[in-house]
Amino acid sequence: MKLEQSFEVTATTHEIETRIAAFMQRNGYHPEAASKTSFTRGSWLGSLFAFSPRKWRVRARVTQQQLASNHWSLKLALDINDKGQIVTQHERLYWKTELDQFQTAVQTGETAAELLTRQDRAAARSGLTAFIAFLGTGLLVGLPVTLGISLVNPQTGYLAIIIGTLCGFAAGLFAVRWYWRP
């Protein structure tokens, strides 16, 4: 998932770089190779298994263009690794809030860290709820299918387990995607 936000700011280059670095550090980003404009956070394992979007792998790039003396146009581009995730509305809201908080931090030097923390908690709860819905639906469908196949034809053995598991997986995925459709 790629997200971008552009805005203008009136400040010196040093003030902008300081505000960018402070925001990124406060939110868990690390500079890439001593860069002042490229940052990373999270890991690919976090992208696969974490319920919190703060643990997903993210590459953040800030580009700036001078419009006038001490007047700049900035763009924050986030490249978010959401593979293995079913992105919920809470997670989308978290990313939008992070973009907005970045803009506020660079423009004013102030940020409300507790707002991002609340959004992260809501997104994590939403992700956990999605996982429980996936698992519950999968079990409610997969187990009866496996038992039904085994009762109808006891010679199927492991094939019944494989078919039941696939049916449960598909049903769980369908339920979560339907409930959290964008």
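Look above for the structure.
We now turn to the structure provided with this report. (Residues numbered from 1 in each chain as written. Predicted model: local features only at pLDDT ≥ 70, side-chain atom pairs only at ≥ 80, totals over all residues. Heavy atoms only, no water.)

## Here's the deal with the overall build of the chain
Using the following cut-off: By definition, any uninterrupted DSSP run of H or I lasting at least four residues is a helix, any uninterrupted run of E lasting at least two residues is a strand, and each is numbered from the N terminus. This radius of gyration counts C-alpha atoms alone. The globule rule is 2.2 Å times how many residues there are, raised to the power 0.38. Note on exposure labels: buried denotes an accessible area under 20% of the residue type's maximum, exposed denotes more than 50%, and partly exposed covers the range between, all computed with a 1.4 Å probe on protein chains only. Contacts between residues were defined by any pair of non-hydrogen atoms, one from each residue, lying within 4.5 Å. Note on areas: Shrake-Rupley, 1.4 Å probe, and residue coverage restricted to the protein chains presented here. In this tally Asp and Glu are treated as negative and Lys and Arg as positive; neither His nor the chain ends contributes. To locate a charge, take atom NZ for lysine, CZ for arginine, CG for aspartate or CD for glutamate.
Along the chain, the regular secondary structure elements total 5 helices and 5 strands. Counting helices and strands in the order they occur from the N terminus, the chain gives β-α-β-β-α-β-β-α-α-α. Relative to its length of 182 residues, the chain is extended, with a C-alpha radius of gyration of 22 Å against a globular reference of 16 Å. A total of 182 residues make up the chain; the buried ones form 34% of that total. Taking the contacts inside the chain whose residues are at least 6 apart along the sequence as the reference set, 61% of them involve residues at least 24 apart. Here the chain has roughly 10700 Å² of accessible surface; of this, 62% comes from carbon and sulfur atoms. Where the 19 positive side-chain charges of the chain centre and where its 13 negative ones centre are 7 Å apart.

## Details of unusual backbone geometry
With phi around 60°, N70 is a residue other than glycine that occupies positive phi space. Relative accessible area serves as the criterion here: at 34%, N70 is assigned to the partly exposed category.

## Points about the sheet that holds strand 2 (residues 30-31)
Defined as follows: The criterion for strand pairing is that DSSP finds at least two bridges linking the strands in question.
Strand order in this open sheet of 5 strands is 1-5-4-3-2, and the pairing throughout is antiparallel. The sheet is open, and its two edges are formed by strand 1 (2-10) and strand 2, each paired on a single side. The pairing of strand 1 with strand 5 (residues 71-80) spans 9 bridges and is antiparallel. For L3, the partnering residue across the bridge sits in strand 5 and is L78.

## Brief notes about the environment of M24
Mapped onto the secondary structure, M24 falls in helix 1 (residues 13-26). Judged by its relative accessible area of 1%, M24 falls in the buried class. Linking M24 and N70, residues 46 residues apart in sequence, is a C-alpha distance of 22 Å.

## Focus: the pattern of salt bridges
Applied cut-off: A pair is scored as a salt bridge if a Lys or Arg side-chain nitrogen falls within 4 Å of a carboxyl oxygen belonging to Asp or Glu.
For the coordinates displayed, the defined rule picks out 7 salt bridges. Of the charged contacts in the structure, one is a salt bridge between R59 and E32, with a shortest N-O distance of 2.7 Å. Of the two residues, R59 sits in strand 4 (residues 58-68) while E32 sits in the loop between strand 2 and strand 3 (38-41), which places them 27 residues apart along the sequence. In this structure, E32 and R61 form a salt bridge, with 3.1 Å as the shortest nitrogen-oxygen distance. Taken together, the residues span a long stretch of sequence, with E32 in the loop between strand 2 and strand 3 and R61 in strand 4 at a distance of 29 residues. Among the charged side chains, a network of salt bridges with common partners joins E32, R59 and R61.

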